[in-house]
Amino acid sequence: MQKRWMILLLAAAMLIGCAGKQGGSESVIPTQKIEGSSLYVRKVEDLPDDFIMGMDASSVIAEEQSGVKYYNFAGEEQDVFKTLAENGITHIRVRVWNHPYDKDGHGYGGGNNDVEKAIQIGERATKYGMQLIVDFHYSDFWADPGKQMVPLAWKDMDVRTKADALYAFTRDALMQMKDAGVAVGMVQLGNETNGALCGEKNFENIARLMNAGGKAVREVCPDALIAIHLANPERAGAYDGFAKKLEAFEVDYDVLASSYYPYWHGTLENLANVLNGIAETYGKKVMVMETSYAYTGVDTDFSGNTISDESANIIKDYPFTVQGQANHVRNVIDTVAHVKNGIGVVYWEGTWITVGTKDWETNHEKWETYGSGWASSYGGSYDPDDAGKYYGGCAVDNQAMFGPDGNPLESLKVWNLVRYGNEVEPRADAIADTVLAFDLKGKIELPETVDAVLTSNETVAVPVAWNVTDAEIDAMYKGGVKTYEIVGTAEGLPARAIVSMINFNFLQNFGFEDGVLDPWKTEDRGGADQLYVEEKITDSLNGTYHMHFWSAAKDSVNFSLYQEVTGLSAGTYSFTISIMGGDAGDTEIYCYALVDGVEVGRTPMQITSYGNWDTQTVHGIEVKDGQTVTVGISVKCSGAGSGAWGKIDDGLLNSEA
Ligand code: CA
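What counts and what doesn't
- Residues numbered from 1 in each chain as written.
- Predicted model: local features only at pLDDT ≥ 70, side-chain atom pairs only at ≥ 80, totals over all residues.
- Heavy atoms only, no water.
- Buried < 20%, exposed > 50% of the residue type's maximum accessible area, 1.4 Å probe, protein only.
- Helix = DSSP H or I, 4+ residues; strand = E, 2+ residues; numbered from the N terminus.
- Arc of directions from axis to C-beta.
- Salt bridge = Lys/Arg side-chain N within 4 Å of Asp/Glu carboxyl O.
- Axes fitted to C-alpha atoms, helices over the stretch in contact; angles between N-to-C directions.
- Left-handed = near helix turned anticlockwise from the far one by under 90°.
- Contact = heavy atoms within 4.5 Å.
- Nonpolar A, V, L, I, M, F, W, Y, C, P; charged D, E, K, R; others polar.
- Phe/Tyr/Trp six-rings, centres within 6.5 Å; stacked < 30°, edge-to-face > 60°.
- Lys NZ or Arg CZ within 6 Å of the ring centre and 35° of its normal.
- Parallel < 35°, antiparallel > 145°, perpendicular 65-115°, else oblique.

J.: With reference to specific residues and values, describe helix α10 (residues 360-370).
T.: Taken together, the buried positions of α10 are Asn363, His364, Trp367 and Glu368. Looking straight down α10, one finds that the buried residues subtend no more than 135 degrees of arc, so they occupy a single side. Looking one or two residues beyond α10, the residue adopting positive phi is Gly371, at roughly 75 degrees.

Rendered as structure tokens:
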């Protein structure tokens, strides 16, 4: 009898806790459009009412301890969780580390987020009507595809014991949250667990650990969704392969969640295909669990950012502006909302801003004391290779949705406005860089218009005024091969031209890198067995393609390879080309130039053996306006037994003084 009562009480407590029907909570999430915004937001059609609009806010408490103040749109200091809810955020995500402290109690950083911090954050989220997404890393510090370190306390456990410990830890953490009245909406079993979890790499072990965690979730929070979180959707087949294993090992979960950082993670179209595939093949819900976009290239905490104006080799779909950030969020929501079983998008992490704008020393002290940087120096005791070397501040302060002063950015309203649309008149938001190359002997002509990116993310040409003097232009001609930056103004916004002064090559497909012959031509006088463009990096002078020839019979290597060029400005030009080969016997090889069909120059060339390129030039090709120039190489080999062969690459037609 007594036992039955216990069970009933437990069940009642679960309902209260995990459903979040705790007294004192009052939703401030708007059910209507936020009016009066200047943000351009195209409505996301058919967006479900219960679509998850998530914000990771893991660092908030460490930020506040470091002196950060957050404000609302009226400029009043206000609980940042209230401000998030007021702008349409429905779920708060929080990372949980088992024990992010060294033996002396110093926090590792990244918010020093343990269960206790997660409860505090969960209570504040619940207070304003939001649900908590609990992101168990099952590590003492950051877990991602590159590292899944086991918590120190579990270090020497075999996988069965570890699974028991993981179950007990998860159950205890969720029970504490439930007791505190936190509305837990979703629980992640690990963070970006592509190849490992909690120090285990064998999938059977990973599955065992996941099921141990999942069991605790089902028992304590039966209404919460269980998520498996992966990264790198751009890697073909990676998610499907993982989901297949989850199915094979009967891992109990509801949601396959993806990180999506557009700089590296492929297109939205690819993301949609990948998530659709998971939903259709395995019947799971899908979502984006982490995404972000830079609203500025500028760092504000003296600790370098992951993404900046100088970032090389990244995909930049939008300008780094507040509107660009909003357009990114809107388009990710639009993508996930139209994927089968797509349930939501979470941003990482909009509230992690600079702890001060004075100097590095002041900030460093706060990062060390309160854990408000990504890692403190103490993190090195657990993670010597990463935290131990690179500890510091926030690397994503320029991707937050609050400015360095704690005021919300207009982009925060996107979470509400996507539901209704806010198609205000598009205006110029940023000017795209203009990339130009001019011949040192040619004429510098800066364009009169540049591309403006509108708030609607459309591009239009707008007039530009370049800030450059005749003397500076003159110096560019005299400065040799070099790249310059010229600034200007368009639509009141800064414009920039990246101008390279080069020895312009007037030939097209000059090194055969198009993979075809055109617009080169051949005249095959000897009927060669092989005469074609070949892809073979080791046989190319540069790049991966070159012109290849070989022929067995004597005297059958006898051809010209040439290109005609029209529209050259009057002047003097030179033609250069390279050849290598062998088994040639007697040869007559030369590069040449014709003007309007009349030969004006030729330079002898030779082939000797593999890898010995002969590069020769025809100088002094005088051209008048309107004349056609033909440049080429003539190759004639008698052959020395097994057939003459060779490679031709990199034709250059340059201006010459
Ligand atoms: Ca930074």
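J.: Tell me about the pattern of salt bridges, and please be specific about residues and values.
T.: The full count for this structure, using the stated rule, is 28 salt bridges. Across the pair Asp474 and Lys478 runs a salt bridge whose closest N-O atoms are separated by 2.7 Å. Residue Asp474 and its partner Lys478 are both found in helix α13 (residues 470-478); the two are separated by 4 residues, about one turn of the helix. In this structure, Glu534 engages Lys647 in a salt bridge whose closest nitrogen and oxygen atoms are separated by 2.8 Å. One end of the pair, Glu534, is in strand β17 (residues 530-535); the other, Lys647, is in strand β25 (residues 644-656), with 113 residues separating them in the sequence. For Lys647, a relative accessible area of 4% translates into the label buried. Linked through salt bridges whose partners overlap, the residues forming this network are Asp56, Arg93, Asp135 and Glu290.

J.: Quick one: what's the story with the packing of helix α4 (residues 115-127) against helix α5 (residues 159-179), residue by residue and with numbers?
T.: For the pair α4 and α5, the least separation of the axes is 10 Å and the interaxial angle reads 35 degrees. With respect to the hand of their crossing, α4 and α5 are arranged in right-handed fashion. Between α4, through Val115, Ala118 and Ile119, and α5, the contact on the second element is made entirely by Phe169, Ala173, Gln176 and Met177. Residues of the contact of α4 with α5, tallied by class, amount to 6 nonpolar, 1 polar and no charged.

J.: Any chance you could break down the packing of aromatic side chains for me, citing the residues and the numbers?
T.: The final tally for this structure, using the stated rule, is 28 aromatic pairs. Ring geometry for Phe512 and Trp520: centres 5.3 Å apart, planes at 25 degrees, overall stacked. Side by side, Phe512 and Trp520 carry an identical accessibility label, which is buried. Each member of the aromatic cluster is reached from another via a ring pair, and the members are Trp97, Tyr108, Phe141, Trp142, Trp348, Trp352, Trp374 and Tyr382. Taking the ring centre of Trp352 as reference, the NZ or CZ of Arg95 above it sits at 5.5 Å. Over the aromatic face of Tyr590 sits the side chain of Arg602, whose NZ or CZ is 3.7 Å from the ring centroid.

J.: Tell me about the packing of helix α7 (residues 238-248) against helix α8 (residues 268-282), and name the residues and values.
T.: Interaxial distance between α7 and α8 falls to 10 Å at its minimum, and their mutual angle equals 25 degrees. With respect to α8, the element α7 is oriented roughly parallel. The way α7 lies across α8 gives a crossing that is right-handed. Touching Tyr239, Asp240, Ala243, Lys244 and Glu247 of α7 are Val274, Ile278, Thr281 and Tyr282, all from α8.

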